[in-house]
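The primary structure of each chain is shown beneath.
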Number of protein chains: 2
Amino acid sequence: MTDNKWYLSTGNEADTVISTRIRLARNIAGIPFPSRMSAQQLSEVNRLVKNAIFSDPSAKDEYTYVEMDSLNSVTVAAMVERHLISPEFARMTDGHALILSKDESVSIMICEEDHIRIQVMCAGLDLKGAYERADKIDQLLGSHINFAFNERLGYLTECPTNLGTGLRASLMLHLPALEACNAIDRLSATVDKIGLTIRGTYGEGSKALASMYQLSNQVTLGISEQTAIDNLAAIAMQTMSQERAARESLDRDTLDDAVYRSLGLLKYARSMSGSEFMELISKVRLGIATGLIKEYSLATVMQLIIECGAGAVQEAARREMEPMERDRKRAEIIRTRLAS
Amino acid sequence: MTDNKWYLSTGNEADTVISTRIRLARNIAGIPFPSRMSAQQLSEVNRLVKNAIFSDPSAKDEYTYVEMDSLNSVTVAAMVERHLISPEFARMTDGHALILSKDESVSIMICEEDHIRIQVMCAGLDLKGAYERADKIDQLLGSHINFAFNERLGYLTECPTNLGTGLRASLMLHLPALEACNAIDRLSATVDKIGLTIRGTYGEGSKALASMYQLSNQVTLGISEQTAIDNLAAIAMQTMSQERAARESLDRDTLDDAVYRSLGLLKYARSMSGSEFMELISKVRLGIATGLIKEYSLATVMQLIIECGAGAVQEAARREMEPMERDRKRAEIIRTRLAS
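None of these values were measured; they are calculated from a predicted model. (Residues numbered from 1 in each chain as written. Chains lettered and ligands numbered in written order. Predicted model: local features only at pLDDT ≥ 70, side-chain atom pairs only at ≥ 80, totals over all residues. Heavy atoms only, no water.)

J.: Kindly report on the overall build of chain A, identifying the contributing residues and their values.
T.: The helix and strand inventory of chain A stands at 13 helices and 10 strands. Over its C-alpha trace chain A gives a radius of gyration of 21 Å, about what one expects of a compact globule, namely 20 Å for 340 residues. Expressed as lengths along the three principal axes of its C-alpha atoms, the size of chain A is roughly 65 × 45 × 35 Å. Buried positions account for 55% of the 340 residues belonging to chain A. The long-range share in chain A, meaning contacts at least 24 apart out of those at least 6 apart in sequence, stands at 70%. In the form shown here, chain A has an accessible surface area of approximately 15000 Å², with 50% of it arising from carbon and sulfur atoms. A gap of 2 Å separates the mean positions of the 38 positive and 45 negative side-chain charges of chain A. (Helix = DSSP H or I, 4+ residues; strand = E, 2+ residues; numbered from the N terminus. Rg over C-alpha atoms; globule rule 2.2 N^0.38 Å. Buried < 20%, exposed > 50% of the residue type's maximum accessible area, 1.4 Å probe, protein only. Contact = heavy atoms within 4.5 Å. Areas by Shrake-Rupley, 256 points an atom, 1.4 Å probe, with all protein chains shown as cover. Lys, Arg positive; Asp, Glu negative; His and termini not counted. Charge placed at Lys NZ, Arg CZ, Asp CG, Glu CD.)

J.: Help me get a handle on empty space enclosed by the protein, residues and values and all.
T.: All names here are of chain A. The final tally for this structure, using the stated rule, is 4 cavities of 30 Å³ or more. The space that makes up the largest cavity amounts to roughly 150 Å³. Taken together, 18 residues make up the lining of the largest cavity; nearest its centre are Trp6, Ser19, His83, Met121 and Met172. Sorting the residues of the lining of the largest cavity by element identifies strand S1 (17-26), strand S8 (167-174), strand S10 (212-217) and helix H11 (298-307) as the ones contributing at least two each. Here the element with the most residues in the lining of the largest cavity is S1; it accounts for 4 residues. Considered class by class, the residues forming the lining of the largest cavity number 10 nonpolar, 5 polar and 3 charged. Broken down by secondary-structure element, the contributors of at least two residues to the lining of the second largest cavity are S1 and H11. Examining the composition of the lining of the second largest cavity, we find that 3 residues originate from one element, H11, more than from any other. (1 Å grid on protein atoms, 1.4 Å probe; cavity = no way out; pocket = protein on both sides within 12 Å on 5 of 7 lines; lining within 4 Å. Points joined across faces, edges and corners; volume = space filled by probe spheres on them. Nonpolar A, V, L, I, M, F, W, Y, C, P; charged D, E, K, R; others polar.)

J.: Before we move on, can you summarise the relation of the copies chain A and chain B with the specific residues and values?
T.: It takes a turn of 180° to lay chain A on chain B, together with a shift of 0.0 Å along the axis; the resulting RMSD is 0.0 Å. Overall, the copies show the geometry of a two-fold rotation axis. Across chain A, the rotation axis passes nearest the C-alpha of Gly264 of chain A, at a separation of 2.1 Å. When the interface residues of chain A are mapped onto chain B, 100% of them again lie at the interface, so the same face is used by both copies. (Least-squares fit on C-alpha atoms with pLDDT ≥ 70 in both.)

J.: Tell me about the sheet that holds S1 of chain A, and please be specific about residues and values.
T.: Residue and element names in this part refer to chain A. Taken in spatial order, the 8 strands of this open sheet run S2-S3-S4-S5-S1-S8-S10-S9, and their pairing is antiparallel. Bordering the open sheet on either side are strand S2 (63-67) and strand S9 (196-200), each of which pairs with just one other strand. Averaged over all pairs of adjacent strands, the angle between strand axes in this sheet comes to 20°, irrespective of strand direction. Sheet topology places S2 next to strand S3 (residues 97-101); 5 bridges connect them, and they run antiparallel. Within the sheet, the bridge partner assigned to Tyr65 lies in S3 and is Ile99. Docked against the sheet, helix H7 (residues 184-193) engages S9 and S10, running at close to 150° with respect to S9. Strands in contact with helix H10 (residues 274-289) are S1, S8 and S10; relative to S8, the strand with the most contacts, it is inclined by about 80°. (Pairing = 2+ DSSP bridges. Axes fitted to C-alpha atoms, helices over the stretch in contact; angles between N-to-C directions.)

Here it is, written out as structure tokens:
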């Protein structure tokens, strides 16, 4: 990993919004969906997408065409953690490929569930910026490729939940204070009613690890891209206000202690599981966002989250590791990062 | 507190022995025991002891005569924590006094349970040195005062458990590894059989806070001072060996992690109870003793233990404090001490 990655920058409203993600699903007219396509058709789609993206010679400076066959399992696991590919795509090796921008903000999975999945990520809140970037890539592809499109339905996709715009816009929110006052369930019920959904980004079950929640649109049919994004932005603004108010109402002394204890453990532990790390880094993030911790930045927190996934830790060690060894390596990565 | 206190030095066998304490109980012939004496007799004993100690003009450079009435409750509580006075003596204000050496290694309580309680403390293991110092003070007092002494019984004391030598020799041991392998109960049963006792120095019930145990002689009658001390030293050496062997058998990685997590919490917490502090500092002490932590010394640990008692914290703040405020102040003291 080099230092120009998108997650090393600090975006807008970073106190509560970790990142923005836009995803567009597209398929090519006249070719079966990936679930029913031949190896030859897969290779044809790869070629079409690759040629479209690299039709501009300068695209070589920005993008890389990555064949999944060329990656070892540790690298693939780390890519899943960085949301560059889906867990499903990670299992698709034979002949599959993706196109990746060097800063990792753009990822185009070829023949995942749909022929083309364009994803744009950026730090903080920037739905408009991320959408415009995805739209530009969509238009470039559209100028070379004949998309499967129906006047009445819109873009055709493998799964009916993506029919229409093929757009999934999502925000990764950091909501530790709303979580602490048990306000997530109510929030979830509210957003459901207006075609959005909120769920834990990490961890299983209802409680999100690290208090990180993904707020995204559910409806893609009968609604414009603009409306979907506007709805999401409106609810996000409201949620951010609520989270900020809830942070204000936390007992400052208790918060101060919890935040610094977490930092102390991160800086000194010699072994750390992924779930403990997420719990502690969430508190540190809250500490930075509320101004209690001044010696570290939100970008450092984001960098650590990226570096501390099980896949990333093994990628750093360039080999597979047993959990105990991995936990020690993770602790070492954290100490090194926080020592600087 | 200035920097020349006895507990700031590092004694022998400091990895397992925190401190040595010698106490001699003496009474004055012809004066009733403190429990039955008049205010006038109390004042007479004060005068006799004071005059004896300060008979040498140079004693003024070494000792201070402290009237309990002159001390506020916060200072008294801190003195109990530093073992300069007993909790019982702390409640004896009216007319009571003690003589204290400036480095706090010598404390002579006047009219606690007995007329005279000479106490000598030193860092690490030094029963011989501490006893010789106590003996010298005993001889000085004996050259001015006629002690209550019986040829057959030895020194007469209020409580029969002190009759004879009036000697209590004790070692404060740090036994985290023996405690971790549940070896304390067996050790306790063994030492009981040979007239010694071992008990937690801090905390209630059987489990000692901070894994600190006081090993001391129980028998004072029909045994010479030398034999009592030799027995204690022999059992101490054996216990120290066992503790060291137990430390060797601990899993190094687990120890490393536990030790550094404790250090991290001490360095970063914003609020810390006395009991949590003791638990953490015990691990840090073990870390220093086993060579895992090199950036701090055992003397710093001892200093912190002295500084972090509830009384000491309030003494530092020069006022009484509610527990929550005290916990924050304690955390601040720890951070400051460990930052240097």
